[in-house]
Amino acid sequence: MTRRLAEVAKKVGVSEATVSRVLNGKPGVSEATREAVLTALDVLGYERPTQLRGDRARLVGLVLPELQNPIFPAFAEVVGGALAQQGFTSLLCTRTVGGVSEADYVDLLLQQQVSGVVFAGGFYAQADAPHQHYELIQERKLPTVLVNAAVDHLGFPQVSSDDYVAAEMAIGHLRALGHRRIGMVLGPRDHIPSRRKLEAFMAAEEADPGLVEHTMFSLEGGHAAATKLVNAGVTGIVCASDILALGAIRAVRRAGLSVPDEVSVIGYDDSAMMNCTDPPLTTVRQPIDAMGRAAVDMLVALIERAVVPADELLFEPELVVRASTARARI
């Protein structure tokens, strides 16, 4: 008990006596200090006293699928900063293969009495994935916001980059450079953002459904999918992520061709360091700063019991032209 008091007091910057007063529910402590002590308990992994467990902590779960793709750490930085400005602390939860699942994290966050959750790139974006843990969140009425496109029936507010417009921009750029045989590398078939990009691809002039490859979001997946497209004779490849695009560039080079002289490649996200690749990657930028701040604003409104419609806010992406695209050879 003494050790716990000392750790919490050090974390908050108050005396052990003040921490003791909070834990015992005694008066004479400001509300701000009381909240800080309770939050420190949660962050340090200590259980709250029974009489205080009904209060929600000023903690917000941030659930991400991975940290290897640089877009997710960048998003975590934006959301964490915006939450801190609103007086909340983010708890980063990252799924691992064969480890802690998204559903496990939901159970943990509910046990920790978090104030809300922001999901980015979760199972809500996959039509065939399990969704029961989202239903549990709805039952508990835990404020939740989803980032990027989701299946229709979940009923949470969303902030998304417009995937259809992003694909239109990429395809339009390649066509303006004279490319007509254009291929596309997408995520799994049940991935909702990929479905939206595919819809834009199929609406384009001279679209060939035989030049669409679905794969996992990884460098290796991009390489394998792009190899098939290169063998099919494409001169331009649009990818559903920057990581896929880097795999596509590797596939083009392994085939003895050059980027962009013989095959142009476009990514999606504009992740960190994409201007430092060889060649610097042409990509479609997600406005993650605006999206992250909007997600936090919506979440805080829900926490404060404001009415937030379960709608999707669509943000306009931006084409960033670098050196991985060039005019098609005639």
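Being a predicted model, the structure only gives us computed values, none of them experimental.

Draft legend 1. Summary view of the overall build of the protein chain. Broken down by element type, the protein chain carries 11 helices and 12 strands. Judged by the C-alpha coordinates and their principal axes, the protein chain covers about 80 × 35 × 35 Å. Put simply, the protein chain has 330 residues, and 50% of those count as buried. Within the protein chain, residue pairs in contact and separated by at least 24 positions form 70% of the contacts whose partners lie at least 6 positions apart.

Draft legend 2. Local environment of the packing of helix α9 (residues 219–231) against helix α10 (residues 242–254). Put simply, α9 and α10 touch, their axes get as near as 7 Å, and they point 50 degrees apart. The angle between α9 and α10 places the two elements in the oblique class. Seen along the crossing, α9 lies across α10 with a hand that is right-handed. Facing Leu219, Glu220, Gly221, Gly222, His223, Ala226, Thr227 and Val230 of α9, the residues of α10 in contact are Ile243, Leu244, Leu246, Gly247, Ala248, Arg250, Ala251, Val252 and Arg254. Residue classes in the contact of α9 with α10 are distributed as 9 nonpolar, 5 polar and 3 charged.

About the cut-offs
- Residues numbered from 1 in each chain as written.
- Predicted model: local features only at pLDDT ≥ 70, side-chain atom pairs only at ≥ 80, totals over all residues.
- Heavy atoms only, no water.
- Helix = DSSP H or I, 4+ residues; strand = E, 2+ residues; numbered from the N terminus.
- Buried < 20%, exposed > 50% of the residue type's maximum accessible area, 1.4 Å probe, protein only.
- Contact = heavy atoms within 4.5 Å.
- Axes fitted to C-alpha atoms, helices over the stretch in contact; angles between N-to-C directions.
- Parallel < 35°, antiparallel > 145°, perpendicular 65-115°, else oblique.
- Left-handed = near helix turned anticlockwise from the far one by under 90°.
- Nonpolar A, V, L, I, M, F, W, Y, C, P; charged D, E, K, R; others polar.

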